[in-house]
Amino acid sequence: MKKFLSVILAVLMAVSAFAVSVVPAMADTVVSPTASTAAKKDPSLHVNGSPASKGDISFTTKTERPFSYTFSYDGPGDLEGWENNLEDLGLVEGVDYTAVENEDGTYTITFLTEKAEKYFRNDQVIVNAVVSFPDGSTTTVANKNDSSKSPATGMSSSVVAGSVAVACAGVAVLAATKKKLAK
């Protein structure tokens, strides 16, 4: 019986050690509670496909479910419309989110699913204001983005799997030493 238990523990340890290297690769979009509290996540705001200058686009947030964000263009030029990258992220309008251009020129995105909210919290949503300028140019001068963001890596899953592997190794060592002491 003790040999059987030792073999089972060794197999469990091997599977856990293998999972340490595989689990992060299978992680979908990882949301770290530490990262979300350390830095405020906002969508990427663009004007005609280029990063917006500070103050060109502002937005307000409705924090009750479903979460919605209303964007307004405050920069130079005439606003012609709005675009987003939500379909490129695999989201379906009407199922995961709704996007409405309001009569006053604002743009409201409402996230209906948790999957859509994850993309927003992970700073993957791009909102683009399509603007025409009187001088014929297509962009405004953008400020340098000096924020220090790092991508989510699935590290917490790896830590958990590593902890399980170490725990199993400890149990296997204890079982082996008890077996030797019993003889």
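Each remark here, short or long, concerns the structure printed above.
Residues numbered from 1 in each chain as written. Predicted model: local features only at pLDDT ≥ 70, side-chain atom pairs only at ≥ 80, totals over all residues. Heavy atoms only, no water.

On to the overall build of the protein, then. Scanning the protein from N- to C-terminus turns up four helices and eight strands. Within the span of the protein, comprising 183 residues, buried residues form 28% of the whole. Partitioning the intrachain contacts of the protein with sequence separation of at least 6 by distance along the chain shows that 65% fall at a separation of at least 24. Accessible surface, the protein as shown: approximately 11600 Å² in total, 60% of it carbon and sulfur. (Helix = DSSP H or I, 4+ residues; strand = E, 2+ residues; numbered from the N terminus. Buried < 20%, exposed > 50% of the residue type's maximum accessible area, 1.4 Å probe, protein only. Contact = heavy atoms within 4.5 Å. Areas by Shrake-Rupley, 256 points an atom, 1.4 Å probe, with all protein chains shown as cover.)

With that settled, consider the pairing of strand E4 (residues 68-73). Note on strand geometry: in a regular strand, side chains alternate between the two faces of the sheet. Pairing analysis gives six bridges linking strand E3 (residues 57-62) to E4, with the strands arranged antiparallel. Residue pairing for E4: isoleucine 57 is matched across the bridge by tyrosine 73. Where E3 hands over to E4, the hairpin turn is made up of five residues, counted between the paired strands. Direction of pairing for E4 relative to strand E7 (residues 107-111): antiparallel, over a ladder of four bridges. Counterpart to tyrosine 69 in the pairing with E7 is isoleucine 109. (Pairing = 2+ DSSP bridges.)

Judged by nonpolar contacts, the single largest core of 23 residues is most densely connected at Ile57, Phe71, Tyr73, Trp82, Ile109, Phe111 and Val127. Of all the secondary-structure elements, those providing two or more residues to this core are strand E1 (44-47), E4, strand E6 (97-101), E7, helix H3 (114-121) and strand E8 (126-132). What isoleucine 109 contacts, discounting residues up to four positions off in sequence, is Phe67, Ser68, Tyr69, Phe71, Asn84, Leu86, Thr98, Ala99 and Val127. (Core = buried A, V, L, I, M, F, W, Y, C linked by side-chain atoms within 4.5 Å.)

The strand order across the open sheet formed by four strands is E3-E4-E7-E6, and the pairing between neighbours is antiparallel. Across the chains shown, the open sheet's two edge strands, defined by having one partner strand only, are E3 and E6. Each strand of the sheet is rotated relative to its neighbour by a mean of 15 degrees, with strand direction disregarded. (Axes fitted to C-alpha atoms, helices over the stretch in contact; angles between N-to-C directions.)

Residues Met1, Phe4 and Ile8 make up a contiguous nonpolar surface patch of about 400 Å² in total accessible area. By relative accessible area, which is 56% here, phenylalanine 4 ends up exposed. (Patch = residues over 30% accessible without salt bridge, like charges linked within 9 Å, V, L, I, M, F, W, Y side chains within 5 Å. Salt bridge = Lys/Arg side-chain N within 4 Å of Asp/Glu carboxyl O.)

We now examine the packing of aromatic side chains. Tallied over the entire structure, the rule returns four aromatic pairs. Between the aromatic rings of phenylalanine 59 and tyrosine 69, the centroid separation amounts to 6.4 Å while the plane-to-plane angle is 65 degrees, which identifies the pairing as edge-to-face. Residue phenylalanine 59 is located in strand E3, and its partner tyrosine 69 is located in strand E4; the two are separated by 10 residues in the primary sequence. On the basis of relative accessibility, which here comes to 9%, the residue tyrosine 69 falls in the buried class. Ring geometry for tyrosine 69 and phenylalanine 111: centres 5.7 Å apart, planes at 65 degrees, overall edge-to-face. Of this pair, tyrosine 69 sits in strand E4 while phenylalanine 111 is found in strand E7, placing the two residues 42 residues apart along the sequence. Each member of the pair, tyrosine 69 as well as phenylalanine 111, carries the same accessibility label: buried. Each member of the aromatic cluster is reached from another via a ring pair, and the members are Phe59, Tyr69, Phe71 and Phe111. (Phe/Tyr/Trp six-rings, centres within 6.5 Å; stacked < 30°, edge-to-face > 60°.)

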